[in-house]
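# Tertiary structure, described
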Amino acid sequence: MSQEHAFVLPNSGHNFDAKSSKMGMWLFLYTELLLFGGLFLVYMIYRYLNQDAFLLASFELNVWMGATNTIVLLTSSMTIAMAITALQKGNKKLSITLSWVTIAAAIVFLVIKYFEWGAKFEHGYFPGMDHYNELPHGERLYFYLYFFMTGLHAVHVIVGAVFILFVIRGIQKGKVTKDRYSLLENSGLYWHLVDLIWIYLFPLFYLIH
Amino acid sequence: MTVAALSQPNFFQAKKGIASWLFTLDHKRIGLLYLYSIGFFFIVAAGLGVLMRLELLNPGRDLIDAQTYNQVFTLHGVIMIFLFIIPSIPAVFGNFALPLLLGTDDVAFPKLNLISWWLYVIGALFALFTLFYGDGPADTGWTFYAPYSVRTGTNVSMTVMAAFVLGFSSILTGLNFIVTIHRLKTPGMGFNQMPLFAWSLYATAWIQLLATPIIGITLLMIVAERVLGIGLFDPSIGGDPILYQHLFWIYSHPAVYIMALPAMGIVSEVIPTFAQRTIFGYKAIAYSSMAIAFVGYFVWGHHMFTSGMSGPAGFIFSILTFFVAIPTAVKVFNWVATLYKGSISIEVPLLFALAFIFNFSIGGLTGLVLGALATDVHVHDTHFVVAHFHYVMFGGAGFAFFGALHYWFPKIWGKMYNKAMANLAFILLFIGFNLTYFPMLIVGIMGMPRRYYDYLPEFHEMNMLSTFGSWIMITGLIIMIINLVVSKQRGAKVSGNPWNGITLDWQTSSPPPLHNFDKMPVLPEGGPYNYPDAISTHEEKEKKDDE
Amino acid sequence: MASKENNNVHPEHEHISSYKEHFGTWVGLILLTLMTVFVSAFGADLSTLTVVTALTIATIKALAVALYFMHLKYEPKVYRAWIIVVMALFLFFLTMVILDFTTR
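Residues numbered from 1 in each chain as written. Chains lettered and ligands numbered in written order. Predicted model: local features only at pLDDT ≥ 70, side-chain atom pairs only at ≥ 80, totals over all residues.

### Thoughts on the overall build of chain C
Operational definition: We count a stretch as a helix when DSSP gives it H or I for four or more residues in a row; a strand needs E for two or more, and each element gets its number in order from the N terminus.
Counting secondary structure elements, chain C contains three helices and zero strands. For chain C, the succession of helices and strands along the chain, N to C, is α-α-α.

### Quick word on the overall build of chain A
Stated precisely, the cut-off is as follows: Exposure classification rests on a simple neighbour count of other C-beta atoms within 10 Å of a residue's own: a residue reaching 20 or more is buried, one at 12 or fewer is exposed, and one in between is partly exposed. C-beta atoms are placed from the backbone. We call two residues in contact when the distance between their C-beta atoms, placed using the backbone, is within 7 Å.
Across its full length, chain A carries seven helices and zero strands. Start at the N end of chain A and walk to the C end: the helices and strands fall as α-α-α-α-α-α-α. Overall size of chain A, expressed as C-alpha extent along the three principal axes, is 70 × 35 × 25 Å. By the burial criterion, 53% of the 209 residues in chain A qualify as buried. Restricting to contacts in chain A with at least 6 residues of sequence separation, those with at least 24 account for 73%.

### Some thoughts on the interface of chain C and chain B
Our working definition: Ten residues, namely Ala, Val, Leu, Ile, Met, Phe, Trp, Tyr, Cys and Pro, are considered nonpolar, four, namely Asp, Glu, Lys and Arg, are considered charged, and the remaining ones, Gly among them, are considered polar.
Tallying the contact residues gives ten residues for chain C and ten residues for chain B. Of the residues that constitute the side of chain C that touches chain B, the class distribution is seven nonpolar, one polar and two charged.

### Some words on the interface of chain A and chain C
Contacts between chain A and chain C engage 44 residues on the former and 41 residues on the latter. Of all the secondary-structure elements, those providing two or more residues to the side of chain A that touches chain C are helix H1 (18-49), helix H3 (63-88) and helix H7 (182-206) of chain A. In terms of residue count, the dominant contributor to the side of chain A that touches chain C is H3 of chain A (twelve residues).

### A word on the environment of Tyr34 of chain B
Residue and element names in this part refer to chain B. Of note, Tyr34 is situated in helix H2 (residues 27-55). Take Tyr34: there are 26 C-beta atoms within 10 Å of it, and that puts it in the buried class. Among residues more than four places away in sequence, those in contact with Tyr34 are Pro87, Ala91, Val92, Asn95 and Trp117.

### So, the packing of helix H3 (residues 66-102) of chain B against helix H7 (residues 196-228) of chain B
Residues and elements named next belong to chain B. Here is the rule: Axes here refer to lines fitted to C-alpha atoms; in helices the fit is confined to the stretch in contact. Angles between the N-to-C directions go from 0 to 180 degrees. Every angle not falling under 35 degrees, over 145, or within 65 to 115 is termed oblique; those three ranges are roughly parallel, roughly antiparallel and roughly perpendicular. In this scheme the crossing of two helices becomes right-handed for a clockwise turn of the near helix relative to the far one and left-handed for an anticlockwise turn of less than a right angle.
Where H3 contacts H7, the two axes come as close as 10 Å, and the packing angle between them is 130 degrees. In terms of orientation, H3 lies oblique with respect to H7. Crossing angle aside, the handedness with which H3 passes H7 is left-handed. In this structure, H3 contributes Pro90, Gly94, Ala97, Leu98, Leu101 and Leu102 to the contact, and H7 contributes Phe197, Ala198, Leu201 and Thr204. Partitioned by chemical class, the residues of the contact of H3 with H7 number eight nonpolar, two polar and no charged.

### A look at the packing of H1 of chain A against H7 of chain A
All names here are of chain A. Running from N to C, H1 and H7 cross one another at 15 degrees; their axes reach a closest spacing of 10 Å. Taken together, the axes of H1 and H7 are roughly parallel relative to one another. In the packing of H1 onto H7, the handedness of the crossing is right-handed. Residues Ala18, Ser21, Lys22, Met25, Leu29, Glu32, Phe36, Phe40 and Tyr43 of H1 pack against Ser182, Glu185, Asn186, Leu189, Leu193, Ile197, Tyr200 and Leu204 of H7.

### So, the nonpolar core
Under the convention used in this document: Put simply, a nonpolar core is buried Ala, Val, Leu, Ile, Met, Phe, Trp, Tyr and Cys residues tied into one set by C-beta atoms within 7 Å. Here the bounds of each domain stem from an automatic or database domain assignment.
Judged by nonpolar contacts, the single largest core of 274 residues is most densely connected at Leu145 of chain A together with Ile178, Ala198, Val267, Phe352, Phe356 and Ala400 of chain B. No fewer than three residues from each of domain 1 (18-70) and domain 2 (76-104) of chain C sit in this core. Not counting the four nearest positions on each side in its chain, Val267 of chain B is found in contact with Trp335, Ala353, Phe356, Ile357 and Ala400 of chain B.

### Side note on helix H14 (residues 419-446) of chain B
Residues lying three or four places apart along an α-helix face the same way, a consequence of the helix completing one turn every 3.6 residues. Heads up, the rule is: A helix is expected to span 1.5 Å for every residue after the first.
If you check H14 of chain B, its first and last C-alpha atoms are 41 Å apart, about what 28 residues at 1.5 Å a residue would give, namely 40 Å. Looking one or two places after H14 of chain B, you find Gly447 of chain B, whose phi comes out positive at around 115 degrees.

### A few points about the environment of Val121 of chain B
Within the secondary structure, Val121 of chain B sits in helix H4 (residues 110-129). Distance in space between the C-alpha atoms of Val121 of chain B and Trp300 of chain B is 29 Å, their sequence separation being 179 residues.

### Topic: the environment of Asp105 of chain B
Residue and element names in this part refer to chain B. Relative to the helices and strands, Asp105 is located in the loop between H3 and H4. Using a count of 27 C-beta atoms within 10 Å as the deciding quantity, one classes Asp105 as buried. C-alpha of Asp105 to C-alpha of Ser88: the two residues are 17 residues apart in sequence and 22 Å apart in space.

### Quick word on the confidence of the model for chain C
Should the pLDDT be low somewhere, the predicted coordinates at that spot are not to be read in detail. All names here are of chain C. Let me state the cut-off plainly: Scored between 0 and 100, pLDDT is the confidence that the predictor attaches to each residue.
Per-residue confidence for chain C averages 82 on the pLDDT scale, and 79% of its residues sit at or above 70. Taken element by element, chain C is modelled with least confidence in helix H2 (residues 49-69), mean pLDDT 88, and with most confidence in helix H3 (residues 77-102), mean pLDDT 95. Confidence drops under pLDDT 50 across residues 1-12; counting only partners more than four residues distant or on other chains, this segment forms 20 contacts. Here the predicted complex carries an ipTM of 0.93, next to a pTM of 0.93.

### Some thoughts on H3 of chain A
Its 26 residues give H3 of chain A an end-to-end C-alpha distance of 38 Å, which sits within 8% of 38 Å, the value for a rise of 1.5 Å per residue. One or two positions beyond H3 of chain A, positive phi appears at Gly90 of chain A, with a value near 90 degrees.

### Some details on unusual backbone geometry
Residue and element names in this part refer to chain B. Of note, the amide linkage connecting Ala146 to Pro147 takes the cis form, showing an omega dihedral of 0 degrees. For Pro147, the location among the structural elements is in the loop between H4 and helix H5 (148-151). Along the chain, Ser510 connects to Pro511 via a cis peptide bond; the corresponding omega equals -10 degrees. The phi torsion at Phe144 lies on the positive side, around 50 degrees, for a residue other than glycine. Classification of Phe144 by C-beta neighbours within 10 Å gives buried; the count is 24. Of note, the phi angle at Arg451 is positive, near 65 degrees, even though the residue is not glycine. With respect to the helices and strands, the residue Arg451 is situated in the loop between H14 and helix H15 (460-490).

Here's what the structure looks like:
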C-alpha cells in the first residue's frame, strides 16, 4: 500500500492524540457518574419512603471504619495527582513511587471494606440471609442498597488499581513519559472518580442522623 | 471533483481474509460488519412481526397460543429496538460515513470501535441464547416492567443482560463519535461547516452517552432482584414498580431520539443532494437536533400517565412533551423549503426521504394525541400506540435507514443497484407499510388493546387489512434485499460521485481507499450544501434574473 | 502529509499543578471530612437539615477533587460546561421523580 498518498490528520485515530484520549476519558466518566446516579436516585426515593428504617439500619454501620476509608481514598487521590505532577516534571522514580502508594491505599481500602462486610455477613445482614429476611422492609432496602452500591464501588476500586498498575508498567517500559503521560492522567481521572463517588456514599450511608 | 488515482486499492482490496474483517480497525469495514449483523437481526425480527400479524388475521387462536405470542412480541421488540433500530443508522452509516463526511481517515478510537462491534455481537448472542434453554425467551414485552419481569419464569435475566451489554456497545460508539467530531474535522471545517448528518450523530451520541447508563444500572437491579429476591420493584415485597418505570423511561424515552435523530440527519443529507440546492435553514436544522436531544430528556413521564404517577407530575410532563414538537416541526418545514425551487431528481433515496417526512408526520402528530394527558388515557396501551411508534420508528427511522442504504450504496460498493427494482420495492414497502399500520390507528381508537393474541369480532376487518398490508410490505422488503445483494455482485460500475453530491464523502473514489482521502479534501465554499448552481436566497435569484 | 510524523506530544502549554496545591487541597478535604464525622458522631442534631448539610459538604469536597485533583480548573471551558449539563440533567431526573413521589 502506498501510504504516502494518503491524507491523514496528525491527530488521527491511528496516531496518538493526548487531547482526544483525555476527552474520551472525561466522556466515559460522565457515564460512570450517571450509572451511580441511577442508584442514588433509587436510594433517595426509598430513603424518603422509609426514613426511620434507614436511620435505624445506619446505626449498624461503623462510622469510624467509613471515615478511615474516606481518608484513605482522599489521600490516594492526592498521591495519584502528585504522581502526574512528578511525571510532568520528569521525575519518573517519584511518579512510580506515588503510583504504588495509590495502589497500596486501594488495598488498604479494600481490606477495611472486607472487615466491614465480614462483620455484616456474620450478623446475617447480606440479602437473602436469615436475619436479613426477618428485618422490616425498609431496613432490608437499606442493606440491599448498601451492598449494591458499595459493592459496585469496590469493583471500581479494583479496576482503578489495576489500571494504575498497568500504567506503572508503562512508565517503567518508557511508554508513558514526560511528554506522553495521557495514560497516567487518565488512570488518575478514573481514580478520582472512584473517590468522588465515595465522597457521596460515605455521608449517605454512614452519617444519617 | 477530484477522484483518486486508480492505482490506490480500495478498502475491500486493501486486505484479504476473514480475520482482516473480524479484527479490522477500519471504520468502513466496521460499518459493514454492523450492516450485515444488523441486517440479519432485522430479517429475523421482521419475520416475527409477520408471524404476529398472521396470528391476528382472525380472532381466536390460529397459529400460536397466548404464551408463545407474548414471547414473540417480546423478542420482536427486543431485537428491533436493541439490535436493530438503536444501532442501525449510527453504527452502520455513522461508522461508514462520519469520517468521510468530516474529511478524515477514521474515527478517534478505532480499537474502541471494534470493541463496540464485538460487544454488539456478544449482546446479540445473549439475546439469541434465551431461545434455547429453560422456559424460552422473556414474555414481558421489551419494557421488562416490574413486577412481572421479576416473577416470570422465562429467561428475563439473560435478555436483560443482553440489553445491558448492547447498551455498553452503544455508549462506546457515542463516545467515539463525540471525540471524532470534536477533534478530527478536516482543516477549515468548524462545527457550522459540518454536514447535518454529523450534527445529528453528535446530538445522538450525547443521548447514547448520558441516557444509557441509567438503563444499565436499572437492568442490573432487575437481575439482582430476580436472583436475590429483594423487594426493589415488586410491590408484594415492598418495592415500587412505578420507580422502575421512571428509571426505565429516563433512558428509553431519550432512546427514541437515538433512533429518530440520525434518521433526520439522513434526510437532511439526501434532500439537498437530490434537489441540488442549498439546505434551507442550515443552522435551524443543526441546532434543532441538539434541542431535540436536550428536550428529549425531560419528557419520559408521558409513558406513565395511566400507571399511577401523580397528577402534578403528569401535568408537567405533558406540557414538556409538547416542546419536542417544535424543533421537529422546524426540521420538517426546512426540508420542504429546501425542495422548493430545487432541481429535483426523483431517485430512490429521495423517495425514501419523502416517505420519511410523510410517515414521520403521521407518527409525530399521533404522538401529540398520546402526549396530551386527557386523550392518552383513552388510547393508552391500545393498538393506537403500536401504530404510532411504528410510524415513527419504522416508517420514520426504518425508511431513512433504507434511504441511506440506497444513497450510499454506490459509495460503499462503487456499483449501482437496479433502479426499477428499487422503485418497485419502495412502492410496495410504502403501500404495505401504510396498509399495515393505518388500520391499527383506527382499531386502537375503537379500543383494541395491544399485546393480546386475540381480539373481539368487531375489529376483524381492520386486522385483516393490516395483515394483508404486512404481506405487501414483506414482499417489498424481499425485493429490496435481493436487488441490493444481487447489485452488490453484478451491478453496473458507477463513477465516484453518481448523485453529484458535494459533501466530502463524494470527493474520494467509490469504494474509498483505506485511508479515505488521497489529498486534503476541499471544502465547498459557503457551507456544506452550497451547490454551485444553487439559488439560495430570493435576492440572489433576482440578481441572477437581472443579469 | 505523512501519517507517522508529528506524533502528538502535549504541544500546548499544559498546566502542571504544584505539589503544594495538591497538598493544600488534601488538607481541606480532610478537614471537611473530619468536620462531618464529628458533627455526626457527637450528636449535633440538625434534624431535617442534616441531609442537606451532609450533601452540601459532600458537594464542596467533590468540587475540590474535580477542580484541583482532576485539573478541571485548567481544562478548556467546555469540560466544565459539560459537567454542569450532566449534573443538571441528573438533578432534573431526581427532582421529577421526587415530585412524583411527594405529590401522590
